[in-house]
Amino acid sequence: MTEDEIFHQLRGLCAEILAVDPALITPETDLREELEADSLDMAELAVASGDRFDLLVDFDLAQHVRTLADVTTLVRAGVRAG
């Protein structure tokens, strides 16, 4: 799976969880600052990402995620490792 394919799937998840237009979400969008994601939203995104890509989620690492590019990188690393 390419990074672009991962990003587009994550963007859909993020848009659904945060109830925003997917067009507002770029790889550099700060999920917390620009889209006002709180810790519960971020946990929900981590779980949904884990489910979508069949990955175990490291919640300590997930706490440091700021952008969708960060999430994409973590998922891609998990997909490669898995």
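Residues numbered from 1 in each chain as written. Predicted model: local features only at pLDDT ≥ 70, side-chain atom pairs only at ≥ 80, totals over all residues. Heavy atoms only, no water.

Chemist: Before we move on, could you go through the side chain of Ser49 and cite the residues and values that matter?
Modeler: Here Ser49 is to be found in helix H2 (residues 39-53). Judged by relative accessible area, which is 4%, Ser49 ranks as buried. Other than its neighbours up to four places away in sequence, Ser49 contacts Leu10, Leu13, Val71 and Val75. (Helix = DSSP H or I, 4+ residues; strand = E, 2+ residues; numbered from the N terminus. Buried < 20%, exposed > 50% of the residue type's maximum accessible area, 1.4 Å probe, protein only. Contact = heavy atoms within 4.5 Å.)

Chemist: Quick one: what's the story with unusual backbone geometry, residue by residue and with numbers?
Modeler: Although it is not a glycine, Ala19 adopts a positive phi angle of roughly 55°. When you line up the elements, Ala19 lands in the loop between helix H1 (3-18) and H2. The class of Ala19 is exposed, set by a relative accessible area of 70%. The backbone of Asp54 sits at a positive phi, close to 55°, despite the residue not being glycine. Within the element layout of this structure, Asp54 appears in the loop between H2 and helix H3 (59-62).

Chemist: Provide a residue-level description of the confidence of the model for the protein chain, including the pertinent values.
Modeler: When pLDDT is averaged along the protein chain, the result is 89, and 95% of the positions lie at 70 or above. Within the protein chain, the element-level pLDDT minimum falls on H3, averaging 80, and the maximum on H1, averaging 95. (pLDDT = per-residue confidence, 0-100.)

Chemist: Requested: an account of the UniProt feature "modified residue: O-(pantetheine 4'-phosphoryl)serine" (unreviewed entry) in the protein chain, with residues and values cited.
Modeler: Taking the numbering used here, the UniProt-annotated feature "modified residue: O-(pantetheine 4'-phosphoryl)serine" (unreviewed entry) corresponds to Ser39. As for its placement among the helices and strands, Ser39 is situated in helix H2. For Ser39, a relative accessible area of 59% gives the class exposed. (UniProt positions renumbered as here; feature names shortened; annotations may be inferred.)

Chemist: Tell me about the packing of H1 against H2, and name the residues and values.
Modeler: Running from N to C, H1 and H2 point in directions that differ by 140°, and their axes come no closer than 10 Å. Taken as axis vectors, H1 and H2 run oblique relative to one another. H2 is crossed by H1, and the crossing has right-handed handedness. On H2, the residues that touch Ile6, Gln9, Leu10, Leu13, Cys14, Ile17 and Leu18 of H1 are Asp41, Glu44, Leu45, Ala48, Ser49, Arg52 and Phe53. (Axes fitted to C-alpha atoms, helices over the stretch in contact; angles between N-to-C directions. Parallel < 35°, antiparallel > 145°, perpendicular 65-115°, else oblique. Left-handed = near helix turned anticlockwise from the far one by under 90°.)

Chemist: An account of H2 is requested, with residue identities and associated values reported.
Modeler: Between its terminal C-alpha atoms H2 stretches 21 Å, which fits the 21 Å expected from 15 residues at 1.5 Å a residue. All of the buried residues along H2 are Asp41, Met42, Leu45, Ala46, Ala48, Ser49, Gly50 and Phe53. Where H2 begins, the side chain of Asp38 points an oxygen toward the backbone nitrogen of Leu40, at a separation of 3.1 Å. Following H2 by one or two positions, Asp54 adopts a phi angle in the positive range, close to 55°. (Expected span 1.5 Å × (residues − 1). Polar contact = N/O pair within 3.5 Å; in protein donor to acceptor, adjacent residues only side chain to side chain.)

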